There are 2 protein chains.
Amino acid sequence: SAGWFRRRFLPGEPLPAPRPPGPRASPVLYRRPRFLRGSSSSPGAADASRRPDSRPVRSPARGRKLPWNAGYAEIINAEKSEFNEDQAACGKLCIRRCEFGAEEEWLTLCPEEFLTGHYWALFDGHGGPAAAILAANTLHSCLRRQLEAVVEGLVATQPPMHLNGRCICSSDPQFVEEKGIRAEDLVVGALESAFQECDEVIGRELEASGQVGGCTALVAVSLQGKLYVANAGDSRAILVRRDEIRPLSFEFTPETERQRIQQLAFVYPELLAGEFTRLEFPRRLKGDDLGQKVLFRDHHMSGWSYKRVEKSDLKYPLIHGQGRQARLLGTLAVSRGLGDHQLRVLDTNIQLKPFLLSVPQVTVLDVGQLELQEDDVVVMATDGLWDVLSNEQVAWLVRSFLPGNQEDPYRFLKLAQMLIHSTQGKEDSPTEEGQVSYDDVSVFVIPLHSQGQESNGH
Amino acid sequence: SAGWFRRRFLPGEPLPAPRPPGPRASPVLYRRPRFLRGSSSSPGAADASRRPDSRPVRSPARGRKLPWNAGYAEIINAEKSEFNEDQAACGKLCIRRCEFGAEEEWLTLCPEEFLTGHYWALFDGHGGPAAAILAANTLHSCLRRQLEAVVEGLVATQPPMHLNGRCICSSDPQFVEEKGIRAEDLVVGALESAFQECDEVIGRELEASGQVGGCTALVAVSLQGKLYVANAGDSRAILVRRDEIRPLSFEFTPETERQRIQQLAFVYPELLAGEFTRLEFPRRLKGDDLGQKVLFRDHHMSGWSYKRVEKSDLKYPLIHGQGRQARLLGTLAVSRGLGDHQLRVLDTNIQLKPFLLSVPQVTVLDVGQLELQEDDVVVMATDGLWDVLSNEQVAWLVRSFLPGNQEDPYRFLKLAQMLIHSTQGKEDSPTEEGQVSYDDVSVFVIPLHSQGQESNGH
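Residues numbered from 1 in each chain as written. Chains lettered and ligands numbered in written order. Predicted model: local features only at pLDDT ≥ 70, side-chain atom pairs only at ≥ 80, totals over all residues. Heavy atoms only, no water.

## Some points on the overall build of chain A
Part 1 of the reasoning: The helix and strand inventory of chain A stands at 10 helices and 19 strands.
Part 2 of the reasoning: Expressed as a percentage of the 458 residues in chain A, the buried residues total 55%.
Part 3 of the reasoning: Summarising the internal contacts of chain A: among those between residues at least 6 apart in sequence, 69% fall at separations of at least 24. (Helix = DSSP H or I, 4+ residues; strand = E, 2+ residues; numbered from the N terminus. Buried < 20%, exposed > 50% of the residue type's maximum accessible area, 1.4 Å probe, protein only. Contact = heavy atoms within 4.5 Å.)

## A short note on the side chain of A:Asn231
All names here are of chain A.
Part 1 of the reasoning: Position of Asn-231 relative to the elements: it lies in strand β7 (residues 226–232).
Part 2 of the reasoning: A distance of 3.3 Å separates a polar side-chain atom of Asn-231 from the backbone oxygen of Gly-233.
Part 3 of the reasoning: Each residue touching Asn-231, except ones within four places of it in the same chain, is listed here: Ala-217, Leu-218, Ser-249, Phe-250, Glu-251, Phe-252, Pro-360 and Gln-361. (Polar contact = N/O pair within 3.5 Å; in protein donor to acceptor, adjacent residues only side chain to side chain.)

## Observations concerning the confidence of the model for chain A
Low pLDDT means the predicted atomic positions in that stretch should not be read closely.
All names here are of chain A.
Part 1 of the reasoning: Summary statistics for chain A give a mean pLDDT of 87 and a share of 84% for residues scoring 70 or more.
Part 2 of the reasoning: Note that pLDDT drops below 50 for residues 44–52; the model gives that stretch 13 contacts with residues more than four away or on any other chain.
Part 3 of the reasoning: Here residues 101–106 is modelled with pLDDT under 50, and outside its nearest four sequence neighbours on either side it reaches eight contacts, counting other chains as well.
Part 4 of the reasoning: Both scores are available for the predicted complex, with the pTM at 0.90 and the ipTM at 0.89. (pLDDT = per-residue confidence, 0-100.)

## With respect to the pattern of salt bridges
Charged atoms that come close allow side chains of opposite charge to pair.
Residues and elements named next belong to chain A.
Part 1 of the reasoning: Throughout the structure, instances matching the rule amount to 48 salt bridges over all chains.
Part 2 of the reasoning: Residue Asp-185 is joined to Arg-182 by a salt bridge in which the shortest nitrogen-to-oxygen separation is 3.1 Å.
Part 3 of the reasoning: Asp-185 sits in the buried class, given a relative accessible area of 9%.
Part 4 of the reasoning: Given a relative accessible area of 45%, Arg-182 falls into the partly exposed group.
Part 5 of the reasoning: A salt bridge links Asp-298 to Arg-278; its shortest N-O distance comes to 2.7 Å. Remark: Arg-278 occurs in the loop between β10 (276–277) and β11 (293–296) and Asp-298 occurs in the loop between β11 and β12 (305–308); sequence separation between them is 20 residues.
Part 6 of the reasoning: The network of salt bridges with common partners includes Arg-182, Glu-184, Asp-185 and Lys-226. (Salt bridge = Lys/Arg side-chain N within 4 Å of Asp/Glu carboxyl O.)

## Comments concerning a positive patch on the surface
All names here are of chain A.
Part 1 of the reasoning: Judged by side-chain charge, Arg-31, Arg-34, Arg-37 and Arg-64 come together as a positively charged surface patch.
Part 2 of the reasoning: With respect to the helices and strands, Arg-37 occurs in the loop between α1 (2–9) and β1 (41–42).
Part 3 of the reasoning: Since its relative accessible area comes to 52%, Arg-37 is described here as exposed. (Patch = residues over 30% accessible without salt bridge, like charges linked within 9 Å, V, L, I, M, F, W, Y side chains within 5 Å. Areas by Shrake-Rupley, 256 points an atom, 1.4 Å probe, with all protein chains shown as cover. Lys, Arg positive; Asp, Glu negative; His and termini not counted. Charge placed at Lys NZ, Arg CZ, Asp CG, Glu CD.)

## Here's the deal with the relation of the copies chain B and chain A
Part 1 of the reasoning: By a simple turn and slide, chain B fits onto chain A: the slide is 0.0 Å along the axis, the RMSD is 0.0 Å, and the turn is 180°. The transformation relating the two chain copies, once decomposed into turn and shift, fits a two-fold axis. Relative to the rotation axis, the C-alpha of B:Val267 is the closest in chain B, positioned 4.2 Å from it.
Part 2 of the reasoning: Most of the interface of chain B is mirrored in chain A: 100% of its interface residues are interface residues there too. (Least-squares fit on C-alpha atoms with pLDDT ≥ 70 in both.)

## Some thoughts on the interface of chain B and chain A
Part 1 of the reasoning: Facing 56 residues of chain B, the contacting portion of chain A comprises 57 residues.
Part 2 of the reasoning: Regarding the contact of chain B and chain A, the summed buried area is about 5,000 Å², with carbon and sulfur atoms giving 54% of it.
Part 3 of the reasoning: Of all residues in chain B, B:Met161, B:Lys179 and B:Tyr306 give up the largest surface area on contact with chain A, accounting jointly for 14% of the area buried on that side.
Part 4 of the reasoning: Scanning the region where chain B abuts chain A turns up zero salt bridges.
Part 5 of the reasoning: Listed by contribution, the elements that provide at least two residues to the side of chain B that touches chain A are α1 (2–9), α4 (172–179), α5 (183–209), α6 (258–267), β11 (293–296) and β12 (305–308) of chain B.
Part 6 of the reasoning: With six residues, the single largest contributor to the side of chain B that touches chain A is α5(B).
Part 7 of the reasoning: Here the side of chain B that touches chain A is composed, by residue class, of 26 nonpolar, 13 polar and 17 charged. (Buried area = accessible area lost by both parts, 1.4 Å probe. Nonpolar A, V, L, I, M, F, W, Y, C, P; charged D, E, K, R; others polar.)

## Structural notes on the packing of helix α2 (residues 130–149) of chain A against helix α5 (residues 183–209) of chain A
Residue and element names in this part refer to chain A.
Part 1 of the reasoning: It is at 8 Å that the axes of α2 and α5 come closest, and there the two elements cross at 140°. Taken together, the axes of α2 and α5 lie oblique to each other. Note on packing geometry: the crossing formed by α2 with α5 is right-handed. Here Ala-130, Ala-131, Leu-134, Ala-135, Thr-138, Leu-139, Cys-142, Leu-143, Arg-145, Gln-146 and Leu-147 of α2 lie close against α5, whose contacting residues are Val-187, Ala-190, Leu-191, Ser-193, Ala-194, Phe-195, Glu-197, Cys-198, Val-201, Ile-202, Glu-205 and Leu-206. (Axes fitted to C-alpha atoms, helices over the stretch in contact; angles between N-to-C directions. Parallel < 35°, antiparallel > 145°, perpendicular 65-115°, else oblique. Left-handed = near helix turned anticlockwise from the far one by under 90°.)

## Topic: the state of the cysteines
Residue and element names in this part refer to chain B.
Part 1 of the reasoning: For the structure on display, the rule yields zero disulfides over all chains.
Part 2 of the reasoning: Cys-142 takes part in no disulfide bond, and the closest cysteine sulfur to it belongs to Cys-198, at a distance of 4.7 Å.
Part 3 of the reasoning: A relative accessible area of 0% places Cys-142 in the buried class. (Disulfide = S-S within 2.5 Å.)

## With respect to helix α9 (residues 411–421) of chain B
Part 1 of the reasoning: For α9(B), the buried fraction is high: nine of the 11 residues fall into the buried class.
Part 2 of the reasoning: By the burial criterion, the buried members of α9(B) are B:Arg411, B:Phe412, B:Leu413, B:Leu415, B:Ala416, B:Gln417, B:Leu419, B:Ile420 and B:His421.

## Some points on unusual backbone geometry
Residues and elements named next belong to chain A.
Part 1 of the reasoning: Of note, Trp-68 is a non-glycine position whose phi angle comes to about 60°, a positive value.
Part 2 of the reasoning: With respect to the secondary-structure elements, Trp-68 resides in the loop between β2 (57–58) and β3 (71–75).
Part 3 of the reasoning: Residue classification places Trp-68 among the buried positions, given a relative accessible area of 3%.
Part 4 of the reasoning: Backbone geometry at Asp-340 places phi at a positive 65°, although glycine is not the residue there.
Part 5 of the reasoning: Under the relative-accessibility criterion, Asp-340 is labelled buried at 6%.

## Thoughts on the pairing of strand β19 (residues 441–447) of chain B
Residues and elements named next belong to chain B.
Part 1 of the reasoning: Counting buried residues along β19, seven of its seven residues qualify, which places the element largely inside the surrounding structure.
Part 2 of the reasoning: Side chains Val-441, Val-443, Val-445 and Pro-447 project from β19 onto one buried face, and the interleaved Ser-442, Phe-444 and Ile-446 project onto a second face that is buried too.
Part 3 of the reasoning: Pairing of strand β3 (residues 71–75) with β19, which is carried by five bridges, proceeds in the antiparallel orientation. Along β19, the bridge assignment pairs Tyr-72 with Phe-444.
Part 4 of the reasoning: Pairing geometry for strand β18 (residues 377–381) and β19, over five bridges, is antiparallel. (Pairing = 2+ DSSP bridges.)

## Re the packing of helix α8 (residues 391–401) of chain B against α9(B)
Each packed pair of helices is defined by two parameters, the angle between the axes and the distance between the axes.
Residue and element names in this part refer to chain B.
Part 1 of the reasoning: It is the contact of α8 with α9, at a shortest axis distance of 11 Å, that shows an interaxial angle of 140°. Considering how the two elements wind past one another, α8 and α9 form a crossing that is right-handed. Here Val-394, Leu-397, Val-398 and Phe-401 of α8 come into contact with α9, specifically with Arg-411, Lys-414, Leu-415, Met-418 and Leu-419.

## Points about the domain arrangement of chain A
Part 1 of the reasoning: What the domain assignment reports for chain A is domain 1 (65–100 + 110–163 + 181–252 + 358–424 + 436–447) and domain 2 (258–333).
Part 2 of the reasoning: With centres defined by C-alpha atoms, the gap from domain 1 of chain A to domain 2 of chain A works out at 34 Å. (Domains from an automatic or database assignment.)

## A short note on helix α9 (residues 411–422) of chain A
Residue and element names in this part refer to chain A.
Part 1 of the reasoning: The terminal C-alpha atoms of α9 lie 16 Å apart, and with 12 residues this matches the ideal 16 Å at 1.5 Å per residue to within 8%.
Part 2 of the reasoning: Summarising burial for α9: 10 of the 12 residues are buried, a large majority.
Part 3 of the reasoning: Among all positions in α9, only Arg-411, Phe-412, Leu-413, Leu-415, Ala-416, Gln-417, Leu-419, Ile-420, His-421 and Ser-422 are buried. (Expected span 1.5 Å × (residues − 1).)

## Quick word on the environment of A:Thr363
All names here are of chain A.
Part 1 of the reasoning: Topologically, Thr-363 is positioned in strand β17 (residues 361–366).
Part 2 of the reasoning: Residues Thr-363 and Pro-33 lie 330 residues apart in sequence; the distance between their C-alpha atoms is 25 Å.
Part 3 of the reasoning: Once residues within four sequence positions are removed from consideration, Thr-363 is found in contact with Leu-227, Tyr-228, Val-229, Leu-248 and Phe-250.
Part 4 of the reasoning: Within polar-contact distance, the side chain of Thr-363 engages the backbone oxygen of Leu-248 at 2.4 Å.

## Description of the packing of aromatic side chains
Residues and elements named next belong to chain B.
Part 1 of the reasoning: All chains considered together, the criterion is met by 12 aromatic pairs over all chains.
Part 2 of the reasoning: Taken together, a centroid distance of 4.9 Å and an interplanar angle of 80° make the contact between Phe-35 and Tyr-72 edge-to-face. Placement of the pair is Phe-35 in the loop between α1 and β1 (41–42) and Tyr-72 in strand β3, with a sequence separation of 37 residues. Here Phe-35 matches Tyr-72 in class, with each residue buried.
Part 3 of the reasoning: Note on Phe-276 and Tyr-316: the rings are 5.8 Å apart at their centroids and 85° apart in plane angle, and the pair reads as edge-to-face. Linking Phe-276 in strand β10 (residues 276–277) with Tyr-316 in strand β13 (residues 316–317), this pair joins segments that are 40 residues apart in sequence.
Part 4 of the reasoning: In this structure Phe-276 comes out as buried when scored by relative accessible area, which is 9%. (Phe/Tyr/Trp six-rings, centres within 6.5 Å; stacked < 30°, edge-to-face > 60°.)

## Some details on the environment of B:Gln158
Part 1 of the reasoning: Take B:Gln158: it is sitting in the loop between α3 (151–155) and α4.
Part 2 of the reasoning: For the pair B:Gln158 and B:Gly384, spaced 226 residues apart in sequence, the C-alpha to C-alpha distance is 41 Å.

Next comes the structure, spelled out in structure tokens:
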């Protein structure tokens, strides 16, 4: 509740007691995604001699099939950090049904799986790889737990007002129907809860192991014929079909969430500790702007207006810069994600966490309604790819490659690799001359057409 | 600032001193829009004998031309209230340029007009007609003042960082360009500020005259080739063309703004005074729901989940009901608008105002880019119309009527009347059998094609 928020983030309250000294948890060990074990690397750029910093592109070993025969490829950044701070996870999501015994609190777990889903996830870490690794290890378990908690509702014609089917008043289904609540709303709710639960786990684990960091999270889940894409951060997923490009996620950055962030600073000015100004100006103000009327925006404005500059307007802005340079409190380039519980503005006690949301935005794709074609794919990638390739360029690469390679069982893997290569300034890439991503880049290519084939095979 | 919000709305702070007794302002007098003077009425329903409650449809007198030859019609509600609580206003918006004298604070007003716009507005009152009348009398003046305050920026190629053109650093235009600020962003900002200024005026006037009430506001402003539609409430504007229906506004109700409203109650639980629950449930909970797991949503959720019912969940919900029945704190059907400064939940001290926004959402239509056709119109109407007619039904009526009547100088007036008639259950109306609006209904039909003609004529 808000009381918790105030105790956690607002000054004037006693700090939480330090943890008693005890056995410290072991630190989170760096590693690449499990499904890359035994993989080989291909050279990064076409002309390695021209690019001494050429980095290897990694993909799963050919014998290791990802769900739906999805393709995956990744490349580490150009010596920005020692570790690849991107992480990935994917797998089958086995949701069991809990049956209630005679006493309500007694559960009988039926170990056999009841609903099967599939899961692909990308995490883009910052401030170290630990949060992304924890998220890759944890989020799917949180999601399975959240889905199992509502599985009775998922398989009903519509979610019942009362879970467990006990004490259903005859009028209840009617009320639920009037609100238009569908099984998919429970999956959306489970994804929202799973992200928050995972965020709490990461906070505890990082504190226990004395590590720091945060990460974005982009998750695609297929369940009961629908694809759910949950996003917290600046990764992106798009659907590419023969004659359609559909965004399946939206980026959350200090720029796209300006009003929410300014609003919070308006409500709790203490969070800025007198060091930052909540207002947005077209550029950092200087001493000789004092007294002038300059353009500005506050939390309730989507348009711009003019105000006379006061001394407090000269402080560093809460959100500064634009595009890829936009920063929250001069520190973070994303406004949603997991972790960052301890993150503070350099040399101050000002916390970032109160401005960050762990809750994702979820879009639902009704795959059953799509009249799927062989080459329909979802492309998920971290921002390193989208910084240099537009949706249209990615779609062009997909449409150039897939139709001629329908017999190749490794075509989605090759497509993922090709997408990564295209971020490295290859001459035949569709990017403008010299457009090279120096960031970590990770890509999933998920073929939707396999969904039916795979289900038939089980 | 937030300090103001806390002092104004949160308990525990001393109440503002009562106003000293003095001459009381005279109450706001009820009347219809100015442009209806000298108008006649046509009978409401086709078959007056069948409907004893048949009400007259009012339109401007034929000699009185509204801007762009727009059509207008209205009908009072079916004895829901003594007065028609809808109000309307329209006219030319003359924006003057203020020139600065030698001393910055000395202005020389050049009385000749500098920019000309046009303005159409609908206000749907509740709790009495006073707020809607004040808004109809005031909002255009607030808007003119706000636009005049930024007029130097409006006519520049792009708004300068510093208003008044003084002390412009050579690097400034570059910064403003990088932020992508356009003249239209200043108009959006001026509309946002004008709504807030008007809300303050209404608050003062109602308090001074001892009256109460609030209203929604839907405003269309044409300026420099663009049409700005600003909306706070549940009225609606749509663009109807031969092969396109484009919504120009979105309704703000307790349902559409659920997350914002729940979020405020999360931050300031004091606002609910222990009488309401912030959580949304599919129906009002009852005593025998206690201990059950029921569907719910909180402020951060767009999906649904289950929670075990506690005693506090049995309180009356912050937002209750759905569709047209949805109410904020059991009281209001809209979540944005002007006025309502004194509104409290019946028999309590719980205020509505902190949950209401006066700031509108503004959409911009670049009319110059449209390749206008003779029959392109914007239809603006209060919720009484949209409760019984869909966008598609309104477009069907527009497209059925206009093409055959291009020579009729009163065609937009007749179309507005016909739209009103269609809400009264006429047999040839496109509504389902028996769909009758018993609410006040007001409609503007604004032909976009006249824009060019009128400009040429001046």
